[in-house]
Amino acid sequence: MEVPILKQGHYLIASIQSALTDADLSQLREALIERVGRFRARGVIVDVTALDVMDSFAVRTLRDIAHMARLRGSETVIVGIQPEVAFAMVQLGLTLKGVSTALDLEEGLAFLDRQMQLRIERGSGRIDRG
Amino acid sequence: MATKGKDALPPPPDPQALSESTAALLRELVAHLRQNRTQLREEWARRITRAQLLTAMTEEEIFAEATSVYDNYVEALETGTFEALQAYARNLSERIIPRGVETHEVVGIVLLLRDVLARSLFAKYHEDFDKLNRILDAYEPAANRIANTVAVGFVQERERIIRQQQEAIRELSTPVLQVRERLLILPIIGVIDPQRARQLTEQLLRAIRTNRAKVVVIDITGVAAMDSNVANHLVQTVEASRLLGATVIVTGLSPEIAQTLVTIGVDLSEMATVGDLQGGIEEAERLLGYKVLPFEELTSKT
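Reference entry: report on the structure contained in this document. (Residues numbered from 1 in each chain as written. Chains lettered and ligands numbered in written order. Predicted model: local features only at pLDDT ≥ 70, side-chain atom pairs only at ≥ 80, totals over all residues.)

A short note on the overall build of chain A
Assigned secondary structure in chain A consists of four helices and five strands. Secondary structure elements of chain A occur, N-terminal to C-terminal, as β-β-α-β-α-β-α-β-α. Within the span of chain A, comprising 130 residues, buried residues form 38% of the whole. (Helix = DSSP H or I, 4+ residues; strand = E, 2+ residues; numbered from the N terminus. Buried ≥ 20, exposed ≤ 12 C-beta atoms within 10 Å, placed from the backbone.)

Set out below in structure tokens:
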């Protein structure tokens, strides 16, 4: 099943609606990285609220997305990890090191906004946030 | 007189495996027990007091309880069904367990009643040894089953109460408190075993979700000792919380725990630690963008 990717301002939002196969995940990774460039996105949010299982491939793909997007100039947040999933993940040692996480979509957006704010304050103020 | 009583009584509703003659004998027995109710009951209550059972209850209470146990006992003998007795035993246990009545006391009084009734049968049929034998053949299995039912009912009720209390203690032992919007504290007191650690994490993760917490302060001032299992679990809790988007600050590590953790080499690099709970809450407020000022200072500024 293909994951819909929505553009919202400077951000891309990929909302996973059902369990994904490894091929679906790879396809999502490709599509996101491609669109980060096409839409000049500053942030990527991957919403995994609907997932009640996360295996090592899924976690690795999410981590890859975050790192690849960063190389393309975009910050990634994973949102909506269920408590049970989080617990299972750390027990398996899949801790998404170096990847930002947030409670839900709203928090994720707030987090990205804050990141953009920081960039503007640190930079020359040339970035137009629209 | 026994024959008269037999005629007056309805036949048992559920003959089950009882042969006709056993049923007739039981009917006769029940009639005898009904007729001598007052006397036997008093004898029984006397024996209970003499054996110093049920010391937690007053004499009147014992007598009242004895009466209803006696009646239920006779009824179980009469009908051969044990549901009513079972229900009564459960109900009785529910009432007397909180008063500190022990298992041996409950088993003891039921066995005493069995003895009292057997004695009265001896007295009644001592002239007809053959009849006495047949009556006892009918009486003993039923009486033993009753004793069994009551004892099992009592023990089951006790176990139920113990389970319930364990559950309550477990719930109480891990309060997750919200001190400010989006700030939770989790004070841990006492020994952390793997089961408790697991439950603690589950409760915390659920609370983070429902309260939409951004920062959690885990205070372990009340934890006396920590081994590598518990320490690793704590690290896992911190990481799982981060996956939900919450930052965890651990406070109140005692010098002993700090030494143990460093000695056994637990990797705590991912964990933010602050000396005490106050410092932890201040740090959390800073992360959340709060600034707490005395009221005077605040009004003089504006």
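Considerations on the environment of Gln82 of chain A
Residues and elements named next belong to chain A. Examined against the element boundaries, Gln82 turns out to sit in the loop between β4 (75–79) and α3 (83–91). Judged by C-beta crowding, with 20 C-beta atoms within 10 Å, Gln82 ranks as buried. Note: C-alpha distance between Gln82 and Asp52 (30 residues apart in sequence) is 6.9 Å.

Overview of the sheet that holds strand β3 (residues 215–222) of chain B
All names here are of chain B. Read from one edge to the other, the open sheet built from five strands follows the order β1-β2-β3-β4-β5, with strand pairing classed as mixed. Here the strands that pair on one side only, and so sit at the sheet edges, are β1 (177–180) and β5 (272–274). Between one strand axis and the next, the sheet turns through 30 degrees on average, direction left out of account. Judged from the three bridges that link them, strand β4 (residues 247–251) and β5 form a sheet pairing that is parallel. Residue pairing for β5: Ile249 is matched across the bridge by Ala272. (Pairing = 2+ DSSP bridges. Axes fitted to C-alpha atoms, helices over the stretch in contact; angles between N-to-C directions.)

Structural measurements only, silent on function.
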